[in-house]
Amino acid sequence: MGKKTNTLNKREGYQASQKEYITYCIFFLGQNLLWGFAGYIETFLTDIGIAALRAAAILIVPKLWDAVNDIIFGYIVDRHMFKNGQKFIPWVRIGTSAVGITTIALFAIPASLSETKKIIWFLVAYILFDLTYTILDAPAFAVTTVMTSNIEERTKIIAGGNLWAMVGGVLAAVLIPLVRPELGWLKACIVFIAVSIVLMVPMLFTVQERHTEATKAKENPTFKEIIHYLKSNRFLLVALLAMLLLGLSSVEQKMAIYMGRICLNNEQMSTFIAGGVAVAVIVVAAIIPKLSRKFDKFYILVCGLAFAIVMDVACYFVGYSNFVVALIMIMLKCTGLGFWQVIVYMLIADTVEYGTYKSGTRAAGITFSLQSFTAKLKNALIGTIILSALGSVGFVSGENAVQPEGVADGVWGLFCLFPAIGYTVALIILVLLYKLRVKDVQVMSKYNNGEISREEAESLLEARYGKAAGE
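Residues numbered from 1 in each chain as written. Predicted model: local features only at pLDDT ≥ 70, side-chain atom pairs only at ≥ 80, totals over all residues. Heavy atoms only, no water.

Colleague: Explain the overall build of the protein chain here, please?
Modeller: Helix and strand counts for the protein chain come out as 20 helices and 2 strands. Relative to a compact globule of 471 residues, whose C-alpha radius of gyration would be 23 Å, the protein chain shows 22 Å and is just as compact. Along the longest, intermediate and shortest principal axes, the C-alpha atoms of the protein chain span 70 × 45 × 35 Å. Scored against the burial criterion, the 471 residues of the protein chain give a buried share of 61%. Of the roughly 18,000 Å² of accessible surface on the protein chain, a fraction of 67% belongs to carbon and sulfur atoms. (Helix = DSSP H or I, 4+ residues; strand = E, 2+ residues; numbered from the N terminus. Rg over C-alpha atoms; globule rule 2.2 N^0.38 Å. Buried < 20%, exposed > 50% of the residue type's maximum accessible area, 1.4 Å probe, protein only. Areas by Shrake-Rupley, 256 points an atom, 1.4 Å probe, with all protein chains shown as cover.)

Colleague: Which parts of the structure should I look at to understand the environment of valine 143?
Modeller: Counting through the fold element by element, valine 143 comes out in the loop between α5 (115-142) and α6 (144-147). We classify valine 143 as buried; its relative accessible area is 0%. Along the sequence, valine 143 and leucine 370 sit 227 residues apart, while their C-alpha atoms lie 15 Å from each other. When sequence neighbours within four positions are dropped, the list of residues in contact with valine 143 reads Tyr24, Phe88, Ile89, Val207 and Glu209. (Contact = heavy atoms within 4.5 Å.)

Colleague: Help me understand the nonpolar core in this model?
Modeller: Soluble, globular proteins show a tendency: their nonpolar side chains are buried together. Among the nonpolar cores identified, the biggest contains 159 residues, and Phe27, Leu45, Phe122, Leu301, Trp340, Phe368 and Tyr434 are the most heavily contacted of them. For this core, the element with the most residues is helix α16 (residues 335-359), which contributes 14 residues. In contact with phenylalanine 27, not counting residues within four places along its chain, are Val92, Thr96, Leu136, Ala140, Leu199, Met200, Met203 and Leu204. (Core = buried A, V, L, I, M, F, W, Y, C linked by side-chain atoms within 4.5 Å.)

Colleague: What am I meant to see in the environment of valine 167 here?
Modeller: Along the chain, the position of valine 167 falls in helix α7 (residues 151-183). Exposure remark for valine 167: the relative accessible area of 13% places this residue in the buried category. Valine 167 sits 134 residues away from leucine 33 along the chain, and the two C-alpha atoms are 8.4 Å apart. Beyond its immediate stretch of four places on either side in the chain, valine 167 contacts Leu29 and Ile282.

Colleague: Would you take a moment to explain the packing of α7 against α16 for this structure?
Modeller: How two helices sit against one another is set out by the angle between their axes and by the gap between those axes. Two elements in contact, α7 and α16, have axes whose closest approach is 9 Å; the angle formed by their N-to-C orientations is 140 degrees. One way to sum up the angle between α7 and α16 is to call them oblique. Between α7 and α16 lies a crossing of right-handed hand. Contacts from Ile151, Arg154, Thr155, Ile158, Ala159, Asn162 and Met166 of α7 reach α16 at Leu337, Gly338, Gln341, Val342, Tyr345, Met346, Ala349, Asp350 and Glu353. (Axes fitted to C-alpha atoms, helices over the stretch in contact; angles between N-to-C directions. Parallel < 35°, antiparallel > 145°, perpendicular 65-115°, else oblique. Left-handed = near helix turned anticlockwise from the far one by under 90°.)

Colleague: Help me understand the side chain of lysine 118, please; the structure alone is not making it clear to me.
Modeller: Considering the arrangement of structural elements, one finds lysine 118 in helix α5. Despite its burial, lysine 118 pairs with no opposite charge, the nearest such side chain being glutamate 115 at 6.7 Å. Reaching out from lysine 118, the side chain makes a polar contact with the backbone oxygen of isoleucine 48 at a distance of 2.5 Å. Not counting residues within four places of it along the chain, the set of residues in contact with lysine 118 comprises Ile48, Ile50, Ile109, Pro110, Ala111 and Leu113. (Lys, Arg positive; Asp, Glu negative; His and termini not counted. Salt bridge = Lys/Arg side-chain N within 4 Å of Asp/Glu carboxyl O. Polar contact = N/O pair within 3.5 Å; in protein donor to acceptor, adjacent residues only side chain to side chain.)

Colleague: Sorry if this is basic, but what is going on with the pattern of salt bridges here?
Modeller: In a structure, side chains of opposite charge can pair up when their charged atoms sit close to one another. Counted according to the given criterion, the structure contains 10 salt bridges. Here arginine 154 makes a salt bridge to glutamate 353, at a shortest N to O gap of 2.9 Å. One end of the pair, arginine 154, is in helix α7; the other, glutamate 353, is in helix α16, and 199 residues separate them in sequence. Each member of the pair arginine 154 and glutamate 353 is classed as buried.

Colleague: What am I meant to see in helix α1 (residues 18-38) here?
Modeller: An α-helix turns once every 3.6 residues. As a result, residues three or four positions apart point the same way. Helix length check: α1 (21 residues) gives 31 Å between terminal C-alpha atoms against 30 Å at 1.5 Å per residue, within 8%. Across the 21 residues that make up α1, a large majority, 17, are buried. (Expected span 1.5 Å × (residues − 1).)

Colleague: Even after reading the chapter, I still don't get the packing of aromatic side chains, so can you show me in this structure?
Modeller: What characterises a pair of aromatic rings is the spacing of the ring centres plus the angle enclosed by the ring planes. Counted under the stated rule, the structure contains 31 aromatic pairs. Geometrically, the ring pair formed by phenylalanine 272 and phenylalanine 323 is edge-to-face, given 6.5 Å between the ring centres and 80 degrees between the ring planes. In this pair, phenylalanine 272 is assigned in helix α13 (residues 270-294) and phenylalanine 323 in helix α15 (residues 323-333), connecting sequence segments 51 residues apart. By relative accessible area, which is 48% here, phenylalanine 272 ends up partly exposed. The aromatic ring of tyrosine 21 is capped on one face by lysine 156, whose charged end is 4.7 Å from the ring centroid. Here arginine 437 stacks its cationic end above the ring of phenylalanine 298, 4.0 Å away from the centre of that ring. (Phe/Tyr/Trp six-rings, centres within 6.5 Å; stacked < 30°, edge-to-face > 60°. Lys NZ or Arg CZ within 6 Å of the ring centre and 35° of its normal.)

Colleague: Can you help me understand the packing of helix α14 (residues 297-318) against α16 in this one?
Modeller: Following both chains from N to C, one finds α14 and α16 inclined at 150 degrees, their axes separated by 9 Å at the closest point. In this view, α14 runs roughly antiparallel relative to α16, as classed from their interaxial angle. Our pair here, α14 against α16, has a crossing hand that is left-handed. Listed contacts from α16 to Lys297, Ile300, Leu301, Gly304, Leu305, Phe307 and Ala308 of α14 are Thr335, Gly336, Phe339, Trp340, Ile343, Val344, Met346, Leu347 and Asp350.

Colleague: Sorry, what's going on with a nonpolar patch on the surface here?
Modeller: Side chains of Trp65, Val68, Ile72, Ile76 and Leu131 sit close together on the surface and give an oily, nonpolar patch of about 390 Å² of accessible area. Top element by residues in the nonpolar patch is helix α3 (residues 52-79). It accounts for 4 residues. Among the secondary structure elements, isoleucine 72 is positioned in helix α3. Residue isoleucine 72 is classed as partly exposed on the basis of its relative accessible area of 44%. (Patch = residues over 30% accessible without salt bridge, like charges linked within 9 Å, V, L, I, M, F, W, Y side chains within 5 Å.)

The values reported here are purely geometric and, on their own, carry no functional implication.
Structure follows, in structure tokens:
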């Protein structure tokens, strides 16, 4: 059994231990090794002989179920408190115990089956994978809202988790092109899943949930109250839209294997591309907590995206004929990936405090279920987008297929200009519509946790955000 939640009455707030922080970070390292492998599903589908455009179409189908199960699960999380007083960690344990099996099932499709049987197998396995991933992912993010009431510390925890998530993702991107050709898809998958689960388990028994009396009174919302919370939380919708646009635009990691195969005529060269992306992303993610102590994280994100847009365009014109120069430009352009993959998740966590302040209801479960849905929707759509775009430039399916002339230049254009367009749209949306700032979120957190009175909170927040929810 895990440790029971702490119920707190003190007005001074609460903080997480260093042990909780470390195991939380390691959990996301393991989770994203798993997620990184699952992200190669579209390459796997084309390798077993499913045409690119048909693979793109079937990747969309499970999202119809996903749209339903994420919302239902978020509602269940918000409505249910386990007997040990925990709200989130038990769900993470359940999901972690099942997701490895469902991931392996995805990559166990025999190439000898007919295309129809392959598609049926994929759809069943993917729906089960999607469900188990939802069960562990949304509560793993939501638990940060009850680990600490200090927004700066919460920022550190989320940044640390996302930093090690990136390490897991880029390790997968670097290692899969090396390991997969040697072991094949299924054996490589089993190895990655085994390592992932070992890394994820410690967090399940160390992280504690700390619920104040004030937050507990708001943590069992009715369906009507959850709808009111969502309607009141306009910044959540803006953050999720930005997350989707930025995610769909960040094609670099998924395109790396095609860059190696098609532009550089060697799949294992994608390891150098993935390695360059890894260095850029990890360096940026590592410095974000330090920057956040001096600057509002929103402005850090805006500057990071603007720089990445400029580098995307410059990278396209530099080209890939000189690989060393191209790799340097790729690293510079991928700094934007590091900024948004850390900070957007911080913005979503902040919206829980805003939504609670405005609605009087705390619905972290539905908030992070929508985040999980957005991440999975992005993952499915980006595969569809890449495969459709590859098909439009003449890409031929098959692991060892000879590509027609002109496909290499098309791949390079996708790699550079697609992110620039998407980042620009997301940047405009954030600047115009996302007005939540960290100093105000800390005030909201104190009010929501009963550390300050309504009058004290409104004296600081009313001019910008309006009054708190009525008693």
